[in-house]
Structure formats: C-alpha cells, structure tokens
Amino acid sequence: MKRVLTIQDISCLGKCSLTIALPVISAMGTETVILPTAVLSTHTMFEGFTCKDISDQIEPIKQHWLKEKVEFDAIYTGYLGTIEQIDQMRALFKDFKKDDTIIFVDPVMADNGKLYPAFDMAYAKENAKLCADADIIVPNITEACFMTDTEYKETYDEAYIKELLSKLNKLGAKVSVLTGVSLSEGKTGVMGYDSEKDDYFVYQNDRVDATYHGTGDLFSSTCLGAMMRGKTWQEAMQIAADYTAHTIRETMKNPAKPWYGVDFEATIPDLLAKLN
C-alpha cells in the first residue's frame with residue numbers, strides 16, 4: 001500500500017483541508033499520514049472561530065519519523081499559515097524526498113484576484129520557493145499571478161494561460177496545473193504543462209453555478225489519490241475535476257442547503273466506482 005503525508009490545518013467542524021484530505025485519500029486506497037499545522041474550531045467562514053498554531057510541533061514530529069525511518073510515496077501540502085511553516089516544509093521535503101517521492105503542492109493563499117487577509121506579497125514569494133521544490137503544483141489563476149508577478153485578468157484567452165504556465169514552470173516544478181480555467185463560455189476546468197515533455201493538457205467540464213468552501217482541497221486530494229492508484233497526472237486531473245463538479249451538483253440537491261462545505265461523504269462511492 002502506498003503512503004501519503006499531507007500537511008495542512010485541521011478544522012474540527014468544516015469540510016476542508018485535513019478533514020477532506022484524510023478521508024478521501026484513505027478511501028481511494030492509500031495510507032494517509034497527517035501533519036496538522038494548526039487546529040481551528042471551525043473553518044474561517046464561521047464567525048468567532050478559534051485557532052491554535054502548532055508550528056512548534058512540526059520539527060519534533062519530523063524528527064520522530066526520521067528516527068523511525070518512516071518513508072512516504074508522496075508529500076502533499078495545502079494551506080500553510082505562515083512563512084515559518086513554508087520554511088519548515090522545504091526542510092521536510094529534503095529530509096523525506098526519495099527518487100520516486102512525489103512532492104505535490106497546492107499553494108493556497110488567494111482567489112478572485114486578491115490574497116487572503118492573512119497573507120502579503122512576502123508570503124506569496126515564499127510560496128513560490130515552495131513550488132520550486134515540488135514535482136506538481138496546482139495553483140488557481142490568482143495564486144499563479146501573485147507568484148509570477150503577472151497581471152491578474154478576469155477575462156483571458158488560452159495564450160494568457162500558456163504564458164502563466166510557462167512562468168510557473170520556470171519556478172522549478174516539473175508539472176504546473178492551473179485550476180479554475182475557463183476557455184469557453186459555460187465551461188471550467190484545468191490546464192497543465194509538463195516541462196520535461198513540453199506537453200500541454202486541457203480539460204474542461206460544464207461550469208456549476210455554485211460556490212462552496214473546500215472544493216479546491218477536494219480537487220487536490222482526489223488528484224493525488226488517483227495518482228497513487230497509478231493514474232497519470234493528466235488522468236488524475238480529469239478524474240478530480242469531474243468528481244469535484246459531481247459533488248457540487250449533488251450538494252445542490254440537498255434540501256438542507258448546506259453552506260459550509262460539500263457533501264463529499266455521499267459521493268465517495270461514485271468516485272471509487274469510477275476508479276475501478
């Protein structure tokens with residue numbers, strides 16, 4: 001059985017970060033080891049949430065794993081709250097990276113042309129360095145623009161996306177994938193570039209007119225889970241895009257009108273059926 005280490009915050013209530021990554025990757029048949037960076041009472045869309053930074057535990061946990069000679073087939077980082085944590089991740093990559101270990105980075109920090117309130121340009125630049133250490137990165141368009149000093153555009157064409165991908169790959173990652181890419185009306189999906197093969201990949205599906213917290217985490221977790229099942233990164237991106245869209249559609253049918261996350265628990269059987 002393959003083993004993945006995923007490093008993100010954990011919201012005790014709220015479907016995002018580790019509370020998505022752990023069940024989804026595990027259900028897809030991969031042992032999933034977690035390293036929480038912070039513990040929140042809920043995710044940040046709730047008012048009055050509590051948050052406990054646990055950066056001081058990362059190094060002791062890492063040293064214990066090194067002592068136990070723990071190895072990972074993939075290391076996956078999501079939301080990291082501070083520059084210190086980014087530095088800790090870069091050191092962790094060096095300690096656990098083997099020739100065949102996949103480093104998968106989702107540089108969560110921005111959307112819709114703006115950085116999240118907790119972050120600034122210094123943080124964005126450090127995230128660019130983290131991406132340089134990765135094999136695969138999956139930023140959205142906003143995050144890619146901040147990391148590459150590119151003007152953010154609401155309206156764009158394929159040439160703009162290709163230029164952005166080229167800049168991302170120059171950071172150092174072998175494969176760069178942009179999420180939330182819409183190349184025609186009513187469509188959205190991903191576009192990626194493999195710098196070693198000089199090969200582009202585009203996948204678009206029907207846009208779902210709804211927004212939910214945690215769908216980016218669902219996409220990334222599904223993608224890595226599929227890769228651990230032997231899928232190519234292109235196949236994994238397609239599976240993840242379709243599954244995320246399917247889960248949003250199913251959530252919209254819920255008469256309870258859930259607002260803080262998608263009903264991925266109900267759609268995991270559909271994902272496994274597609275994989276098998």
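Let me begin by describing the structure that accompanies this report.

## What to know about the overall build of the chain
The secondary structure content of the chain amounts to 9 helices and 11 strands. Its C-alpha radius of gyration of 18 Å places the chain within 12% of the 19 Å reference for a compact globule of 276 residues. Per-residue burial over the chain gives 53% buried out of 276 residues. Of all intrachain contacts in the chain linking residues separated by at least 6 positions in sequence, the fraction that spans at least 24 positions is 66%. For the chain, the exposed area adds up to about 12,600 Å²; of that, 51% sits on carbon and sulfur atoms.

## Looking at unusual backbone geometry
Leave glycine aside and you will find that most residues have negative phi; peptide bonds, for their part, are mostly trans. Although it is not a glycine, Asn112 adopts a positive phi angle of roughly 55°. Residue position: Asn112 is located in the loop between β6 (110-111) and β7 (114-115). The backbone phi angle of Lys257 is positive, close to 55°, even though this residue is not glycine. With respect to the helices and strands, Lys257 occurs in the loop between α8 (233-252) and α9 (264-275). Overall, the relative accessible area of 60% leaves Lys257 in the exposed class.

## Observations regarding the state of the cysteines
As enumerated under the stated definition, the model contains 0 disulfides in all. Unpaired in this structure, Cys16 has its nearest cysteine sulfur neighbour in Cys12, at a distance of 10 Å. On the basis of relative accessible area, Cys16 is assigned to the buried category, the value being 4%. Unpaired in terms of disulfides, Cys131 finds its nearest cysteine sulfur in Cys145, a separation of 13 Å.

## Notes on a negative patch on the surface
There is a patch of like negative charges on the surface, built from Asp53, Asp56, Glu84 and Asp87. With respect to the helices and strands, Asp56 occurs in the loop between β3 (51-53) and α2 (58-67).

## So, the pairing of strand β4 (residues 74-77)
Of the two faces of β4, the one carrying Ala74 and Tyr76 and the one carrying Ile75 and Thr77 are both buried. Alignment of strand β1 (residues 3-13) against β4, held across 4 bridges, turns out to be parallel. The partner of Leu5 across the bridge, within β4, is Ile75. As defined by bridge partners, β4 adjoins strand β5 (residues 102-105) across 4 bridges and the pair is classed as parallel.

## Some remarks on the pattern of salt bridges
Within the structure shown, the criterion is met by 15 salt bridges. When the shortest N-O distance is used, the salt bridge between Lys62 and Glu59 registers 3.4 Å. On the criterion of helical spacing, the pair formed by Lys62 and Glu59 is a turn pair, its members being 3 residues apart in helix α2. Its relative accessible area of 4% is what places Lys62 among the buried residues.

## Let's talk about the sheet that holds strand β9 (residues 175-181)
Strand order in this open sheet of 9 strands is β3-β2-β1-β4-β5-β8-β9-β10-β11, and the pairing throughout is mixed. Two strands close off the open sheet at either side, each with one partner strand: β3 and β11 (199-206). Packing against the sheet, helix α3 (residues 83-96) makes contact with β1, β2 (31-42), β3, β4 and β5, and its axis sits at approximately 175° to β4.

## A few points about helix α1 (residues 18-27)
Residues Leu18, Ile20, Ala21, Val24 and Ile25 constitute the buried set of α1. Along the long axis of α1, the arc covered by the buried residues comes to 155°, so they all point the same way. Turning to α1, the residues buried within the fold contact β1, β2, β4, α7 (215-228) and α9.

## Regarding the nonpolar core
The biggest cluster of nonpolar side chains holds 43 residues, and the ones touching the most others in it are Leu5, Ile75, Ile141, Ile161 and Leu178. When neighbours within four sequence positions are excluded, Ile75 is seen to be in contact with Leu5, Ile7, Leu92, Phe93, Phe96, Thr101, Ile102, Ile103 and Phe104. Of all hydrophobic cores here, the second largest spans 39 residues; its members include Val24, Ile136, Ala240 and Ala241.

## Quick look at the packing of aromatic side chains
Using the criterion set out here, one finds 12 aromatic pairs in the structure. Here the aromatic rings of Phe72 and Phe96 are separated by 5.3 Å at their centres, their planes lie at 65°, and the arrangement is edge-to-face. Taken together, the positions of Phe72 in the loop between α2 and β4 and Phe96 in helix α3 put the pair 24 residues apart, joining distant regions of the chain. Here Phe72 falls in the buried class, since its relative accessible area comes to 1%. Ring centres of Tyr156 and Tyr160 lie 5.8 Å apart, and the angle between their planes is 25°; on these two criteria the pair is classed as stacked. Ring pairing ties together the aromatic residues Phe46, Trp259 and Tyr260, which thus form one cluster. One cation-aromatic arrangement involves Lys162 over Tyr200; the distance from NZ or CZ to the ring centre is 4.7 Å.

Parameters and conventions
- Residues numbered from 1 in each chain as written.
- Predicted model: local features only at pLDDT ≥ 70, side-chain atom pairs only at ≥ 80, totals over all residues.
- Heavy atoms only, no water.
- Helix = DSSP H or I, 4+ residues; strand = E, 2+ residues; numbered from the N terminus.
- Rg over C-alpha atoms; globule rule 2.2 N^0.38 Å.
- Buried < 20%, exposed > 50% of the residue type's maximum accessible area, 1.4 Å probe, protein only.
- Contact = heavy atoms within 4.5 Å.
- Areas by Shrake-Rupley, 256 points an atom, 1.4 Å probe, with all protein chains shown as cover.
- Disulfide = S-S within 2.5 Å.
- Patch = residues over 30% accessible without salt bridge, like charges linked within 9 Å, V, L, I, M, F, W, Y side chains within 5 Å.
- Salt bridge = Lys/Arg side-chain N within 4 Å of Asp/Glu carboxyl O.
- Lys, Arg positive; Asp, Glu negative; His and termini not counted.
- Charge placed at Lys NZ, Arg CZ, Asp CG, Glu CD.
- Pairing = 2+ DSSP bridges.
- Axes fitted to C-alpha atoms, helices over the stretch in contact; angles between N-to-C directions.
- Arc of directions from axis to C-beta.
- Core = buried A, V, L, I, M, F, W, Y, C linked by side-chain atoms within 4.5 Å.
- Phe/Tyr/Trp six-rings, centres within 6.5 Å; stacked < 30°, edge-to-face > 60°.
- Lys NZ or Arg CZ within 6 Å of the ring centre and 35° of its normal.

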